[in-house]
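Notes for the structure review
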Amino acid sequence: MTATKGLEGIVAAASSISSIIDGVLTYRGINIDDLAENASFEEVAYLLWYGKLPNRAELNQLQQQLDEYAVIPQQVIDQIKLYPNGTNSMAALRSAVSSLALYDEEANDMSAEANQRKAIKLQAKLPTVVAAFARIREGKEPVAPKKGVSIAYNFLYMLTGEEPAEVAVKALDQALVLHADHELNASTFAARVTVATLSDIYSGVTSAIGALKGPLHGGANEAVMVMLEEIGSFDNVESYINNALANKVKIMGFGHRVYKNGDPRAKHLQHMSKELGKLKGNMDLFNMSVKIEELVTGQKGLKPNVDFYSASVYTNLGIQRDLFTPIFAISRVSGWTAHILEQYQDNRLIRPRADYVGPSNVKYVPIEDR
Ligand code: COA
């Protein structure tokens, strides 16, 4: 038995949710470009859960469920108020989502109906949790969710307490579509491993949030913004990147385990970044990003991934840097829960083997002889 480091190239589950074949990403067989240009995030979430696009009545019903479930228990709000100053935003989300289970009387109901309902509850509540956390840490009261509006609209509204601009809602909605699912990425795999023990959906999503937090996965979008801030201005880009590459420092937002010829989602975010920059009358972040891409692709052949242009998009939407990864989670929870439901449908415990490389035939030594 020899281990494949990072499970690269290992096919670990059969799934009919999303695919990456020859660099093309599809959700339920529909090309991501088609969805990014035409679908709302709610349609995409429905597609991931039910395997087909909703008709008008089905979409309306989902909207009603999202409206009903978007409110979070007061106890969870009270707990968020007790989080220490400076709490990491993903740690806060992980803790709050774990707490949500305590106040859901069907948390441990493993029927297919209850699990589907809980998937919609989690989708509805995550934006409320993130917005509440963002306000509470600034000493403000959370804003209650609105009914009859999209998740993108509601999130921006709950964050600021103001009606968001249409262009901002559209940009965030498209970003949510692009991040919704991605085959067997690390956080989705973590969710599937957790629920394959027949643990509950909240445990699966809590595991997934923990996995998404890392800078090699969802945390990369925030790390991109840290880098852009460190670089500071267009004129510093070249020396910063050359220096980083010479010192073998990884440039966040570049490279991908599966896509070797570019991430199909990046071009949509690049376009959005440009449009939002123009609208704001400030192209600095966009221009810096393009220059970084030119240098990294030119010298290393590495292409930007989904996280690279997300950073300038979210910043131009006025969103604080440490909320970027929680926004990724607000979107990806649709994919996580779709995968969890799929795992439950045809479950087998996920329990691989390890290639033992430690010593053997070692004798126990009594403590006084060590
Ligand atoms: N910047 C500079 N070099 C990079 C790089 C990056 N972002 N990503 C990969 N490389 C280099 C590695 O240093 C390595 O070079 P070497 O063979 O000379 O040692 C080679 O490319 C292979 O990289 P590796 O880390 O083994 O690839 P992986 O498949 O294990 O990792 C990522 C994939 C995404 C984790 C990796 O590309 C990375 O860390 N990217 C930055 C973080 C990021 O943007 N994550 C979000 C992913 S959506």
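The following refers to the structure shown. (Residues numbered from 1 in each chain as written. Predicted model: local features only at pLDDT ≥ 70, side-chain atom pairs only at ≥ 80, totals over all residues. Heavy atoms only, no water.)

For the pair helix 13 (residues 266-280) and helix 14 (residues 284-300), interaxial distance at closest approach is 9 Å and the crossing angle is 145 degrees. In this structure, helix 13 uses Q270, S273 and K274 to contact helix 14, whose residues at the interface are F286, V290 and E293. A breakdown of the residues in the contact of helix 13 with helix 14 according to their chemical character gives two nonpolar, two polar and two charged. (Axes fitted to C-alpha atoms, helices over the stretch in contact; angles between N-to-C directions. Helix = DSSP H or I, 4+ residues; strand = E, 2+ residues; numbered from the N terminus. Contact = heavy atoms within 4.5 Å. Nonpolar A, V, L, I, M, F, W, Y, C, P; charged D, E, K, R; others polar.)

It is worth spelling out the pairing of strand 2 (residues 24-27) at this point. Relative to strand 2, strand 1 (residues 18-21) is paired through four bridges, and the arrangement is antiparallel. From the neighbouring strand, I20 faces strand 2, where its bridge partner is L25. The hairpin turn running from strand 1 into strand 2, its antiparallel successor, is two residues long, and D22 in that turn takes a positive phi close to 50 degrees. Pairing between strand 2 and strand 3 (residues 30-31): two bridges, direction antiparallel. (Pairing = 2+ DSSP bridges.)

So, on to the nonpolar core. The tendency in soluble globular proteins is for nonpolar side chains to be buried side by side. Of all hydrophobic cores here, the largest spans 112 residues; its most connected members are I241 and I292. Ranked by residue count, the leading element in this core is helix 6 (residues 112-136), at twelve residues. Counting contributing residues per domain, this core is built from domain 1 (13-213 + 322-345) and domain 2 (220-316), each supplying no fewer than three. The contact partners of I241, leaving out residues within four places of it in the chain, are M227, I231, I251, I292, L295 and V296. (Core = buried A, V, L, I, M, F, W, Y, C linked by side-chain atoms within 4.5 Å. Buried < 20%, exposed > 50% of the residue type's maximum accessible area, 1.4 Å probe, protein only. Domains from an automatic or database assignment.)

With that settled, consider the sheet that holds strand 1. The strands that make up a sheet pair up through hydrogen bonds in the backbone, lying either parallel or antiparallel. Across the sheet, three strands lie side by side as 1-2-3; this open sheet has antiparallel pairing. The outermost strands of the open sheet, each flanked by one partner alone, are strand 1 and strand 3.

This part is about the pattern of salt bridges. One pass over the structure, following the stated rule, counts 16 salt bridges. Measuring nitrogen to oxygen at the nearest pair gives 3.1 Å for the salt bridge that ties K121 to D104. Residue K121 is found in helix 6, and its partner D104 is found in the loop between helix 5 (89-102) and helix 6; the two are separated by 17 residues along the sequence. Both residues of the pair, K121 and D104, count as buried. Among the salt bridges present, the one from D322 reaches R137, with a minimum N-O distance of 2.6 Å. One end of the pair, D322, is in the loop between helix 15 (306-316) and helix 16 (324-345); the other, R137, is in the loop between helix 6 and helix 7 (151-160), and 185 residues separate them in sequence. A single network of salt bridges, built from pairs that share partners, joins D104, E106, R117 and K121. (Salt bridge = Lys/Arg side-chain N within 4 Å of Asp/Glu carboxyl O.)

Another aspect to go through is the site of the ligand. Near the ligand lie 16 residues; those nearest to it are K250, I251, G253, F254 and R257. F254 is positioned such that a nitrogen or oxygen atom in its backbone is 2.9 Å from a nitrogen atom of the ligand. At 2.7 Å from an oxygen atom of the ligand is found a side-chain nitrogen or oxygen belonging to R257. Protein burial of the ligand: of its 860 Å² of free accessible surface, 66% is covered by the chains. The cavity where the ligand resides is the largest pocket. The residue makeup of the shell around the ligand, split by class, is seven nonpolar, five polar and four charged. (Near = heavy atom within 4 Å. Polar contact = N/O pair within 3.5 Å; in protein donor to acceptor, adjacent residues only side chain to side chain. Areas by Shrake-Rupley, 256 points an atom, 1.4 Å probe, with all protein chains shown as cover. 1 Å grid on protein atoms, 1.4 Å probe; cavity = no way out; pocket = protein on both sides within 12 Å on 5 of 7 lines; lining within 4 Å. Sits in = over half its atoms within 2 Å of the grid points.)

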